[in-house]
Amino acid sequence: MQATKPTHVRYLILLMLFLVTTINYADRATIAIAGSSLQKDLGIDAVTLGYIFSAFGWAYVAGQIPGGWLLDRFGSKKVYALSIFTWSVFTVLQGYVGEFGVSTAVVALFMLRFMVGLAEAPSFPGNARIVAAWFPTAERGTASAIFNSAQYFATVLFAPLMGWIVYRFGWQHVFIVMGVIGVLFSLIWLKVIHSPRQHPMINEAELNHIAANGAMVDMDQDKGKGKKTDGPKWDYIRQLLTNRMMLGVYLGQYCINGITYFFLTWFPVYLVQDRGMAILKAGFIASLPAICGFIGGVLGGVISDYLLRKGHSLTFARKAPIIGGLLISSSIVACNYVDIEWMVVGFMALAFFGKGVGALGWAVVSDTSPKQIAGLSGGLFNTFGNLASITTPIVIGYIISTTGSFKWALVFVGANALVAVFSYLVIVGPIKRVVLKEPPSQGPELTNLTHVHS
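Everything numeric here is computed off the predicted structure, so don't read it as measured data.

K.L.:
What's the story with the overall build of the protein in this structure? I'm lost.
P.N.:
Looking only at helices and strands, one finds 18 helices and 2 strands in the protein. Compactness check: the protein gives a C-alpha radius of gyration of 21 Å against a globular reference of 22 Å for 454 residues, within 12% of the reference. Each principal axis of the C-alpha atoms in the protein carries an extent, and together these give about 65 × 55 × 40 Å. The buried share of the protein, taken over its 454 residues, is 59%. Residue pairs at least 24 apart in sequence account for 82% of intrachain contacts in the protein once pairs closer than 6 positions are excluded. Counting every atom, the protein has about 17,500 Å² of accessible surface; 66% of that belongs to carbon and sulfur. When the 32 positive and 21 negative side-chain charges of the protein are each reduced to one mean point, those points stand 5 Å apart.

Okay, here's the thing in structure tokens:
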């Protein structure tokens, strides 16, 4: 009898991760597209706008460890669905801040951006958990790169749309349209997402294939039934924070996200204010580097998994695209030395392509996270990485306010790429699965953190 062919439900799951991350980043970028018009209407300066840009990051960072714990405690499906619905509602509400006076509107906008950040906190740790549960090790780099590349696709798809909405209807309507899209998607999520053993569409052949090749298919079994501890295991966090490899990965992600948040916050403003483009044109122009970032993001994961299948070590397969891509990304500084519009866009596109190739941090997290705290590990990683969502908008705001131009801001962004290269070259060392020792209250006396090969 012919063996049953395995289904490919994991690719449907990956499509859902890609779509939700696209909506996630589009909601983050609403403020950037609306920023120049909003700044004019509310009469606020660059420093104030920088702080409004950073509001998302304060809450997003603060919510990472609690968000990761919630995922480990209750499972990815329910926590993620609530996250999508909640951040979308707060996005809609931003469209109404113009009804208040200027000072009240600024405070309201800051608080609503803060709440969007808090609600989005479980999203990327949730992505990493779902990829770890559904994908074999040799497919994980590509899967992680695809959901991560959605950040660029969000700009490709939505920046022209949002630019047109601002031009035609006003900046308020951007928030309303994007928020409604997110609310509707949260309902689709509940219908489609399940853990591998519980998914109605998967057959035994696919389940056996992914389980035998490294997928943690039982990660979400019996979540929410009172069998877990009541809070994060802080000794596990201490062990991760004293591991050199993980600290290097955290620093690298912080720098990579510094590049990301320039594009998510100040880039459209740069095009309008420094390069003199109309907002409608800036919306379309912003999509061009994003297309290159999307291509680079997918390509980085494909290259990494190809190297792994060809017998290279996990360390080489992950580090080679990261280091090469980030070296390319530092070319953003060249925009300071050209005045022709297409050359500026070209260097931005090259920089975003390189950043896409190098953005394999979530694949590394899936490779290294301890099984018992995969969500918490992802949350800690994202905490460090998204400190850049706070610092980058504020630092660039002060740079612009002090110098009157974006030149040193681009130097700052390029320097982030080079520091990330240093981190992966010098600090990270071999990439291996982290094995945690149980805290003294749950087992033998704590010993040093150890590793095993992934």
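K.L.:
Just checking my understanding: could you explain the nonpolar core for this structure?
P.N.:
Nonpolar side chains in soluble globular proteins tend to be buried together. In this structure, Trp134, Trp189, Phe262, Trp266, Tyr270 and Met348 are the most contacted members of the largest nonpolar core, which totals 133 residues. With 17 residues, the single largest contributor to this core is helix H11 (residues 244-274). Setting aside chain neighbours within four positions, we find Met348 in contact with Phe262, Phe263, Phe267, Tyr270, Pro289, Ile332, Cys335 and Leu410.

K.L.:
Would you mind showing me how to read the pattern of salt bridges here?
P.N.:
A side chain with one charge may pair with a side chain of the opposite charge, provided their charged atoms come close. Inspection of every chain in the model, using the stated rule, returns 7 salt bridges. One salt bridge in this structure joins Arg10 and Glu206, with 3.0 Å as the shortest N-O distance. Taken together, the residues Arg10 in helix H1 (residues 9-42) and Glu206 in helix H9 (residues 204-212) connect sequence positions 196 residues apart. For Asp235, the salt bridge goes to Arg238, with nearest N and O atoms at 3.2 Å. With Asp235 and Arg238 both in helix H10 (residues 234-241) and 3 residues apart, this pair spans about one turn of that helix. In this structure, a network of salt bridges that share partners links the residues Arg10, Glu139 and Glu206.

K.L.:
What should I look at first to understand the packing of aromatic side chains in this one?
P.N.:
Any aromatic ring pair is given by two values, namely how distant the centres are and how the planes are angled relative to each other. Scanning the model with the defined rule gives 22 aromatic pairs in all. On the basis of an interplanar angle of 25 degrees and a centroid distance of 5.0 Å, the ring pair of Phe56 and Tyr60 is categorised as stacked. Here Phe56 and its partner Tyr60 are both found in helix H2 (residues 46-62), 4 residues apart, which amounts to about one turn of the helix. Its relative accessible area of 2% is what places Phe56 among the buried residues. Seen in terms of ring centroids, Phe153 and Phe294 are 5.7 Å apart; in terms of plane orientation they differ by 45 degrees. Their pairing is tilted. On the criterion of sequence distance, the pair formed by Phe153 in helix H7 (residues 137-169) and Phe294 in helix H12 (residues 279-309) is long-range, its members being 141 residues apart. Taken together through their ring pairs, the aromatic side chains of Phe262, Phe263, Trp266, Phe267, Tyr270, Phe352 and Phe406 make up a single cluster. Positioned over the ring face of Phe169 is Arg168, at 5.1 Å from the centre of the ring.

K.L.:
How do you make sense of helix H3 (residues 64-74) when you look at a structure like this?
P.N.:
Because the α-helix completes a turn every 3.6 residues, residues three or four places apart line up on one side. Extensive coverage of H3 is indicated by the burial of 8 of its 11 residues. Of the residues making up H3, those classed as buried are Gln64, Ile65, Gly67, Gly68, Trp69, Leu71, Asp72 and Arg73. Buried residues along H3 sit in contact with H2, helix H4 (76-94), helix H6 (123-134), H10 and helix H16 (374-385).

K.L.:
Would you explain a nonpolar patch on the surface in this entry?
P.N.:
Together, Phe85, Val89, Leu93 and Tyr96 make up an exposed nonpolar region whose accessible area comes to about 340 Å². With respect to the element layout, Leu93 can be found in helix H4. Assessed through its relative accessible area of 38%, Leu93 is described here as partly exposed.

K.L.:
Explanation requested: H1 in the structure shown.
P.N.:
Between the first and last C-alpha of H1 there are 48 Å, a value that for 34 residues agrees with the 50 Å anticipated at 1.5 Å per step. The largest bend in H1 is about 60 degrees, located at Gly35. Burial runs high along H1: 27 of the 34 residues are buried. At the exit of H1 stands Gly43, carrying a positive phi of roughly 65 degrees.

K.L.:
Just to check I follow, could you spell out the confidence of the model for the protein for this structure?
P.N.:
Predicted coordinates in areas of low pLDDT are best not read in detail. On average, the protein scores 84 in pLDDT, and the residues at 70 or more come to 92%. Within the model, the stretch residues 224-230 combines pLDDT values under 50 with 11 contacts to residues more than four positions away or in other chains. Low pLDDT, under 50, characterises residues 442-454; the predicted model gives this stretch 36 contacts beyond four residues in sequence or across chains.

K.L.:
What should I look at first to understand the packing of helix H13 (residues 314-329) against helix H14 (residues 341-358) in this one?
P.N.:
If you want to describe how two helices pack, look at the angle between their axes and the distance between the axes. Contact geometry of H13 with H14 gives a least axis separation of 7 Å together with a crossing angle of 165 degrees. By the angle between their axes, H13 is roughly antiparallel relative to H14. As for how H13 packs across H14, the hand of that crossing is left-handed. Residues Pro321, Ile322, Gly325, Leu326, Ile328 and Ser329 of H13 form the contact with H14, whose participating residues are Leu350, Ala351, Gly354, Lys355, Val357 and Gly358.

K.L.:
Looking at this structure, how should I read the domain arrangement of the protein?
P.N.:
How big an interface is tends to be expressed through the accessible area that disappears when the partners come together. Under the domain assignment, the protein is made up of domain 1 (7-214) and domain 2 (232-434). Placing the centre of domain 1 and that of domain 2 at their C-alpha centroids yields a distance of 18 Å. Facing 53 residues of domain 1, the contacting portion of domain 2 comprises 60 residues. Both sides together, the interface formed by domain 1 and domain 2 hides about 4,600 Å², and carbon and sulfur atoms give 72% of it.

Thresholds applied
- Residues numbered from 1 in each chain as written.
- Predicted model: local features only at pLDDT ≥ 70, side-chain atom pairs only at ≥ 80, totals over all residues.
- Heavy atoms only, no water.
- Helix = DSSP H or I, 4+ residues; strand = E, 2+ residues; numbered from the N terminus.
- Rg over C-alpha atoms; globule rule 2.2 N^0.38 Å.
- Buried < 20%, exposed > 50% of the residue type's maximum accessible area, 1.4 Å probe, protein only.
- Contact = heavy atoms within 4.5 Å.
- Areas by Shrake-Rupley, 256 points an atom, 1.4 Å probe, with all protein chains shown as cover.
- Lys, Arg positive; Asp, Glu negative; His and termini not counted.
- Charge placed at Lys NZ, Arg CZ, Asp CG, Glu CD.
- Core = buried A, V, L, I, M, F, W, Y, C linked by side-chain atoms within 4.5 Å.
- Salt bridge = Lys/Arg side-chain N within 4 Å of Asp/Glu carboxyl O.
- Phe/Tyr/Trp six-rings, centres within 6.5 Å; stacked < 30°, edge-to-face > 60°.
- Lys NZ or Arg CZ within 6 Å of the ring centre and 35° of its normal.
- Patch = residues over 30% accessible without salt bridge, like charges linked within 9 Å, V, L, I, M, F, W, Y side chains within 5 Å.
- Expected span 1.5 Å × (residues − 1).
- Bend = angle between axes of the 7 residues up to and from the residue.
- pLDDT = per-residue confidence, 0-100.
- Axes fitted to C-alpha atoms, helices over the stretch in contact; angles between N-to-C directions.
- Parallel < 35°, antiparallel > 145°, perpendicular 65-115°, else oblique.
- Left-handed = near helix turned anticlockwise from the far one by under 90°.
- Domains from an automatic or database assignment.
- Buried area = accessible area lost by both parts, 1.4 Å probe.

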